[in-house]
Amino acid sequence: MMSGLTILLQQKKAVAGLIIIVALCLMAIFAPVIAPGAPSARVGRSHQPPTVEHVFGTTKMGRDVYTQFVWGSRTSLAVGFATGIAITVIGTVIGLVSGYAGGRTDAALDLATNAVLVIPNIPLLILLASFAGTVGPLAIMTIIALTSWPWGARMTRSQTMALRNRDFVTAARMIGEPGWRVLFVELLPNLLPLIGINLVGSIIYAVVAQTTLEYLGFGDPLQ
């Protein structure tokens with residue numbers, strides 16, 4: 001563990017990124033302390049420039065931009081982490097089962113993966129938002145989670161196929177271990193680095209997708 005921590009600390013970019021993530025998480029947790037005002041409250045004139053009282057200025061509706069920024073980090077991080085976990089779980093389970101089972105099961109799951117893979121996420125979100133007017137965090141999470149798992153599933157499937165004929169897997173099958181135990185006890189621990197990469201990428205993508213909708217004016221400005 002100490003050697004792994006030492007290697008991590010030697011990666012300056014990784015440490016800088018970790019510091020930024022921790023800072024954003026702390027800002028979201030302590031939002032009531034950092035910005036005690038209500039983000040939807042009108043506190044000044046329209047489009048007021050940055051001042052000591054309003055560090056980032058005000059919006060068209062006279063709301064404090066700094067307060068909205070601090071409180072908005074809660075929604076962005078919640079969407080990012082929840083969606084990233086959902087994408088990772090779905091992709092990992094489907095990839096594991098597909099890569100280990102092979103045959104018709106693999107063919108069917110691979111076909112489903114390829115079908116979902118061609119669905120464009122951001123355009124789909126924009127299309128739904130254009131009909132609904134606004135899209136809330138729950139809708140964003142659901143759509144992204146249901147359309148973004150194939151990349152992780154394909155990577156997990158490939159790695160599972162490379163591991164399923166290893167000696168430790170063969171030995172587990174020979175002693176009569178059930179399939180679920182082979183998948184989640186023998187194979188899954190060997191896929192943790194890949195799963196971690198998939199989780200980080202999924203969180204980043206979810207945050208970017210939500211930010212894109214907000215920038216285009218399709219998101220709910222009060223969430």
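Details of the structure are given in the entry above.
Reading guide: rules and limits
- Residues numbered from 1 in each chain as written.
- Predicted model: local features only at pLDDT ≥ 70, side-chain atom pairs only at ≥ 80, totals over all residues.
- Heavy atoms only, no water.
- Helix = DSSP H or I, 4+ residues; strand = E, 2+ residues; numbered from the N terminus.
- Buried < 20%, exposed > 50% of the residue type's maximum accessible area, 1.4 Å probe, protein only.
- Contact = heavy atoms within 4.5 Å.
- Areas by Shrake-Rupley, 256 points an atom, 1.4 Å probe, with all protein chains shown as cover.
- Lys, Arg positive; Asp, Glu negative; His and termini not counted.
- Salt bridge = Lys/Arg side-chain N within 4 Å of Asp/Glu carboxyl O.
- Polar contact = N/O pair within 3.5 Å; in protein donor to acceptor, adjacent residues only side chain to side chain.
- Phe/Tyr/Trp six-rings, centres within 6.5 Å; stacked < 30°, edge-to-face > 60°.

Trainee: Help me out: how do you make sense of the overall build of the protein in this one?
Mentor: Per the secondary structure count, the protein includes 11 helices and zero strands. Start at the N end of the protein and walk to the C end: the helices and strands fall as α-α-α-α-α-α-α-α-α-α-α. Sorting the 223 residues of the protein into buried and exposed places 31% on the buried side. Residue pairs at least 24 apart in sequence account for 68% of intrachain contacts in the protein once pairs closer than 6 positions are excluded. Total accessible area on the protein stands at roughly 13200 Å², and carbon and sulfur atoms take up 71% of it.

Trainee: How should I be thinking about the side chain of Asp 64 in this particular structure?
Mentor: Here Asp 64 shows up in the loop between helix H3 (31-34) and helix H4 (65-101). Summary of buried charges: Asp 64 has no salt-bridge partner, and the nearest side chain of opposite charge, Arg 63, is 11 Å away. In terms of polar contacts, Asp 64 uses its side chain to reach the side chain of Thr 67, at 2.7 Å. Non-local contacts of Asp 64, meaning those with residues more than four positions away in its chain, are made with Ala 41, Val 43, Glu 53, His 54 and Gly 57.

Trainee: Is there a simple way to think about the environment of Ala 153 in this case?
Mentor: In this fold, Ala 153 is placed in helix H8 (residues 150-163). Placed 60 residues apart in sequence, Ala 153 and Val 93 show a C-alpha to C-alpha distance of 7.7 Å. Ignoring anything within four residues of it in the chain, the contact list for Ala 153 reads Gly 91, Ile 94 and Gly 95.

Trainee: So what exactly am I meant to see when it comes to the environment of Gly 44 here?
Mentor: Inspection of the secondary structure assignment puts Gly 44 in the loop between H3 and H4. For Gly 44, a relative accessible area of 22% translates into the label partly exposed. Between the C-alpha atom of Gly 44 and that of Thr 58, which follows or precedes it by 14 residues, the distance is 6.8 Å.

Trainee: I'm lost on the packing of aromatic side chains in this one. Help?
Mentor: Aromatic ring pairs: the centre-centre distance and the angle between the two ring planes describe each pair. Using the criterion set out here, one finds two aromatic pairs in the structure. Residues Phe 56 and Tyr 66 carry aromatic rings whose centres are separated by 5.5 Å and whose planes lie at 80° to one another, so their mutual orientation is edge-to-face. Taken together, the residues span a long stretch of sequence, with Phe 56 in the loop between H3 and H4 and Tyr 66 in helix H4 at a distance of 10 residues. Judged by relative accessible area, which is 40%, Phe 56 ranks as partly exposed. Measuring from centroid to centroid gives 5.9 Å for Phe 56 and Phe 69, while their planes differ by 65°, and the two rings are edge-to-face.

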